[in-house]
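Examining the three-dimensional arrangement
Now for the letters of each chain:
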Amino acid sequence: MNAIPDYMTDKHRHCDDIFAEAEAEVAKSNWNLAEQKWQAFTLELELHLQAEEQILFPEFEQATGMTSGPTHVMRMEHEQMRGLLTSLNKSLAEKNSEDFLGFSETLMVLMQQHNMKEEMMLYPMCQQNISDTEQMTAQLKQHCD
Amino acid sequence: MNLSGLNFSALPEINIIFRFFVCAVLFALGGALLILISGHEVWQTRWHPNMLAITHCFTLGFITTVMMGALLQILPVIGGIGIPKVKQVANTFLIFHVFGTSSLIASFIWPISILKIAAVILLSFGYGIYLVALISVLVKKLSQGSSIVTIRFALCALLFTLILGLLMLARNLGWHIIPFDKYVTDLHAIWGIAGWFSLLIIAVSFQIIPMFHVAPEFNERIRNYLPWLIIVLLLSVIISKGHVQELVFLLLIVNSLFICYLCYLLSLRKRKIPDTTVNFWRFSAVSMITVFILYLLPENLLMAFGVEQPTLTLAAMVIFLYVISIIFGMMLKIMPFLSYTHLQQRCLLDFSLMQLLPNMHQFLPPKHGKKLFYLHLCTALVLVLTLIFNQFYLLLAFTLLMEFCWLLVLLVRCKRLYNATIKQIEN
């Protein structure tokens, strides 16, 4: 898996898996397990967002000269996700499943839409414009795994 | 790759989409009122003028209005590009469409020339403007191949359905461009239901099933070949006049397999939390399979069960139990999603404002969605009863009014919360 789109898409799916597991545990009011799954998800998500913001996007911006284009929008959406994580952490701490599921639905839809833009447009653009994609994928792996 | 072609913020104003949805619900309420005042005799033949009016309240009035509104939102999300001057195009189309469809419905009840002429002119202009705008986008090379290809086919089907409809109206005005033939009406209905409705449902499903439910992607072969298979079958209906029944049978098989496969994917979804939309999908699957089984039964057996108008019964079941069920399920997702997405755009310059945003369940509480599902089940049951025992039509009108009034309440409630949040953000 040396191509950027393959590796990053795979990470998206992995995040979805843990997110769905955490959500299911909240729905069943298994709070301890939900807490564990949720911590695993937030760590995984944060590493993924950091890998993009600190490694992938700067390289793409340097290669294309586009600093206020798609990467700018993606960074803003990352901040929106982080904002929702705060609300979700609060609901989890209060063991408020109704609020949690309302915010998790919101985050899930936001993430899916965001992922779609990255997978369909941004990652293929990165693959096409970044000169050493194997080296880039290795750097991303090193950060996330 | 054309980097400038990317458009991440081509979403049309939320007011436009809500306007489409509200107009759609008003058409459905109009249909319910027509059922109320038309008496039981309209259920004895699909050719009764009031039955034609009622049918168009739900097909052109409700379903098509929702779909045309949703397309404005779907294209920027899945194609990465929106239609140019979306506000002007959408508003102009909606005005022409609402008055054109109203004239058409009225012309079935009062067959006077002025109404028919108004319908021909208004619908031609309205759809002409919208379709030209859409085609100008869809001819470009866009991302999300299979969905975009299927949307293109769906729009071709809409265009063909419209042209046939307008030609039939023209014929009623004395312009004999096409002969009077039941076959032309069947063609109009088949292309409308199996082409426009079902192809657009398929196109959108390819995207929203993985996106909203975190389910596996549709099989690549299905994504690539299913739309082609349907369009080939639809084209075959045009050229093989003597084999319409067999081709409708094949179209029913294809749609039944599609919806069963979709439910199978939903069963594999990662998000195993209660979700009314999934219930709507499952109900539509059961409905489609029921229609398929009924279609296989010989006419005399159907008669024995009290189904005296098989074509009317099956068409009503496909439209209301299959298509409208799916549309309701999608609306339950789209309304809160749109509201949240648009509010989010307002917070891009100041993320601290995000804490003011309601979550998706506050826009549309799950228990309200569940109530819509139960109302829909109730209406579906009464519809089947009315198709067999026509005297139930008053109860059908009542349940329809209840169901669509509730949908209107959900729309208004969602929009009011949106407006209240905007006020808070602006203060």
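Remember, it's a predicted structure, so these values are computed and weren't measured experimentally. (Residues numbered from 1 in each chain as written. Chains lettered and ligands numbered in written order. Predicted model: local features only at pLDDT ≥ 70, side-chain atom pairs only at ≥ 80, totals over all residues. Heavy atoms only, no water.)

**Describing the interface of chain B and chain A**
Note the threshold: Only heavy atoms matter for contacts: two residues are in contact if any of them lie within 4.5 Å across the pair. As used here, buried area is the combined drop in accessible area, with a 1.4 Å probe, of two parts when they are placed together. Salt bridges are identified by distance alone: a Lys or Arg side-chain nitrogen within 4 Å of an Asp or Glu carboxyl oxygen. In protein, a polar contact requires one atom able to donate a hydrogen and another able to accept it; more generally it is a pair of N or O atoms within 3.5 Å, and residues adjacent in sequence count only if both atoms are side-chain atoms. Comment: elements are numbered from the N terminus, with helices defined as DSSP H or I runs of at least four residues and strands as E runs of at least two.
The interface of chain B with chain A comprises 29 residues on the first partner and 38 residues on the second. When chain B packs against chain A, close to 3,200 Å² is buried across both sides, 69% of that on carbon and sulfur atoms. There are 4 salt bridges connecting chain B and chain A. In this structure, D17(A) and K270(B) form a salt bridge, with 2.6 Å as the shortest nitrogen-oxygen distance. Linking chain B with chain A are 6 residue pairs in polar contact (both at pLDDT 80 or more), by the criterion used here. Residue contributions to the side of chain B that touches chain A peak at 5 residues, all from helix α11 (residues 310-346) of chain B.

**What about empty space enclosed by the protein?**
All names here are of chain B. Rule in force here: Any residue with an atom within 4 Å of a point lines the site, the site being either a cavity, points on a 1 Å grid over the protein atoms alone where a 1.4 Å probe fits but cannot get out, or a pocket, an open set with protein on both sides within 12 Å along at least 5 of 7 lines. Grid points are joined across faces, edges and corners, and a volume is the space filled by probe spheres set on the points. Throughout, the ten residues Ala, Val, Leu, Ile, Met, Phe, Trp, Tyr, Cys and Pro are labelled nonpolar, Asp, Glu, Lys and Arg are labelled charged, and all others, Gly among them, are labelled polar.
On inspection of all chains with the given rule, the structure shows 7 cavities of 30 Å³ or more. As a volume, the largest cavity reaches approximately 180 Å³. If you trace the largest cavity, you find it lined by A70, Q73, I74, V77, I78, V204, Q207, I208, M211, F212, I334 and F337. When residues of the lining of the largest cavity are traced back to their parent elements, those giving at least two are α2 (49-79), α6 (182-213) and α11. Looking at the lining of the largest cavity residue by residue, the classes come out as 10 nonpolar, 2 polar and no charged. Put simply, the parts of the chain that give the lining of the second largest cavity at least two residues each are α2, α6 and α11. A class-by-class count of the residues in the lining of the second largest cavity yields 11 nonpolar, no polar and no charged.

**Digging into the packing of aromatic side chains**
Residue and element names in this part refer to chain B. Rule in force here: For Phe, Tyr and Trp, where Trp contributes only its six-membered ring, two rings pair if their centres lie within 6.5 Å, and the inter-plane angle classes them as stacked under 30 degrees, edge-to-face over 60, or tilted in between. Exposure classes here rest on a 1.4 Å probe applied to the protein chains alone. A residue is buried below 20% of its type maximum, exposed above 50%, and partly exposed in between. We call a charge positioned above a ring when the Lys NZ or Arg CZ atom is no farther than 6 Å from the ring centre and deviates by at most 35 degrees from the ring normal.
Scanning the entire structure with this criterion turns up 25 aromatic pairs over all chains. Judged by centre distance (4.7 Å) and plane angle (80 degrees), the ring pair of F93 and Y130 falls under edge-to-face. Remark: Y130 occurs in helix α4 (residues 113-138) and F93 occurs in helix α3 (residues 86-109); sequence separation between them is 37 residues. Between F212 and F337 the ring centres are 5.5 Å apart and the planes differ by 80 degrees, which places this aromatic pair in the edge-to-face class. Placement of F212 in helix α6 and of F337 in helix α11 is noted, with a sequence separation of 125 residues between them. F337 matches F212 in its accessibility class, with the two residues each being buried. Through pairs of rings, three or more aromatic residues link up here, namely F58, F62, F280, F320, F328, F373, Y374 and F404. The ring of W406 is capped by K371, whose NZ or CZ atom sits 4.1 Å from the centre of that ring.

**Some words on helix α1 (residues 4-27) of chain A**
The criterion, for reference: To estimate how far a helix should reach, multiply one less than its number of residues by 1.5 Å.
Spanning 24 residues, α1(A) covers 35 Å between terminal C-alpha atoms, matching the ideal 34 Å at 1.5 Å per step. S29(A), located one to two residues past α1(A), shows a positive phi value of around 60 degrees.

**Thoughts on the layout of surface pockets**
Within this model, the second largest pocket holds a volume of roughly 700 Å³. Residue lining of the second largest pocket: 26 residues in total, with H361(B), L364(B), P365(B), P366(B) and K367(B) positioned closest to the centre. Among the secondary structure elements, those contributing two or more residues to the lining of the second largest pocket are α4 (97-129) of chain A together with α9 (276-296), α11, α12 (360-363) and α13 (366-388) of chain B. By residue number, the principal contributor to the lining of the second largest pocket is α13(B), which donates 6 residues. Among the residues forming the lining of the second largest pocket, the class breakdown is 11 nonpolar, 8 polar and 7 charged.

**Here we look at the nonpolar core**
This is how the line gets drawn: The definition of a nonpolar core used throughout is a set of buried Ala, Val, Leu, Ile, Met, Phe, Trp, Tyr and Cys residues joined through side-chain atoms within 4.5 Å.
In this structure, F62(B), W196(B) and F404(B) are the most contacted members of the largest nonpolar core, which totals 198 residues. The greatest single-element share of this core, amounting to 23 residues, is contributed by α11(B). Those residues in contact with F62(B), other than ones at most four positions away along the chain, are A24(B), V25(B), F27(B), A28(B), C57(B), I324(B), I327(B), F328(B), M331(B), F404(B) and L407(B). Among the nonpolar cores identified, the runner-up in size contains 18 residues, and A51(A), L56(A), M74(A) and L122(A) belong to it.

**A look at the packing of helix α5 (residues 145-172) of chain B against helix α7 (residues 220-239) of chain B**
Residues and elements named next belong to chain B. As a reminder, the rule being used: Axis lines are fitted through C-alpha atoms, for helices just across the contact stretch, and the angle between N-to-C directions can take any value from 0 to 180 degrees. Oblique is the label for every angle not falling under 35 degrees (roughly parallel), over 145 degrees (roughly antiparallel), or within 65 to 115 degrees (roughly perpendicular). Throughout, a crossing is termed right-handed when the near helix is turned clockwise from the far one, and left-handed when it is turned anticlockwise from it by less than a right angle.
Where α5 contacts α7, the two axes come as close as 9 Å, and the packing angle between them is 15 degrees. In this view, α5 runs roughly parallel relative to α7, as classed from their interaxial angle. Once α5 is placed against α7, the crossing between them reads as left-handed. Contacts from S146, V149, T150, F153 and F160 in α5 reach R223, N224, P227, W228, I231 and I238 in α7. Taken together, the residues that form the contact of α5 with α7 break down as 7 nonpolar, 3 polar and 1 charged.

**Examining the UniProt feature "domain: Hemerythrin-like" (unreviewed entry) in chain A**
For the record, the criterion: UniProt positions are given in the numbering used here, feature names are shortened, and annotations may be inferred rather than shown by experiment.
Here the UniProt-annotated "domain: Hemerythrin-like" (unreviewed entry) positions come out as residues 6-126 of chain A. Between the end C-alpha atoms of residues 6-126 of chain A there is a gap of 12 Å, over a span that is 91% helix and 0% strand.

**Describing the side chain of H376(B)**
Relative to the helices and strands, H376(B) is located in helix α13. Sequence-distant contacts of H376(B), that is, excluding residues within four places in its chain, are made with F280(B), F283(B), F320(B), I324(B), S325(B), F328(B) and E403(B).

**Describing unusual backbone geometry**
Apart from glycine, the bulk of residues carry a negative phi angle, and the bulk of peptide bonds sit in the trans form. We note that K95(A) has phi near 55 degrees; this positive angle belongs to a residue other than glycine. Here K95(A) shows up in the loop between α3 (70-93) and α4. The residue K85(B) is not glycine, and still its phi comes out positive at about 50 degrees. Assignment of secondary structure puts K85(B) in the loop between α2 and α3. Residue K85(B) is classed as exposed on the basis of its relative accessible area, which comes to 64%.

**Comments concerning a nonpolar patch on the surface**
Selection rule: Exposure above 30% relative accessible area and the absence of a salt bridge qualify a residue for a patch, where like charges join within 9 Å and nonpolar side chains (Val, Leu, Ile, Met, Phe, Trp, Tyr) within 5 Å. Per-residue accessibility takes into account occlusion by the displayed protein chains alone, with areas from the Shrake-Rupley method and a 1.4 Å probe.
Together, I117(B), I121(B), F125(B), I129(B), W175(B) and I177(B) make up a nonpolar patch on the protein surface, roughly 570 Å² of accessible area in all. With a relative accessible area of 43%, I121(B) lands in the partly exposed category.

**Details of the state of the cysteines**
Let me state the cut-off plainly: By definition, disulfides here are pairs of cysteine sulfur atoms that lie within 2.5 Å.
Summed over all chains, the structure comprises 0 disulfides over all chains. Free cysteine C126(A): the closest other cysteine sulfur is in C144(A), separated by 14 Å. Owing to a relative accessible area of 0%, C126(A) belongs among the buried residues under this scheme. Cysteine C378(B) is unpaired, with the sulfur of C405(B) as its nearest cysteine sulfur at 14 Å.

**Brief notes about the pattern of salt bridges**
If you walk through the whole model with that rule in mind, you get 20 salt bridges over all chains. K90(A) is the salt-bridge partner of E94(A), the closest N and O atoms lying 3.6 Å from each other. For the salt bridge of E105(A) with R271(B), the shortest nitrogen-to-oxygen distance reads 3.2 Å. In this pair, E105(A) sits in helix α4 while R271(B) sits in the loop between α8 (244-267) and α9, so the two residues belong to two different chains. Taking relative accessible area as the criterion, E105(A) reaches 7% and is therefore assigned buried. Classification of R271(B) by relative accessible area gives buried; the value is 3%.

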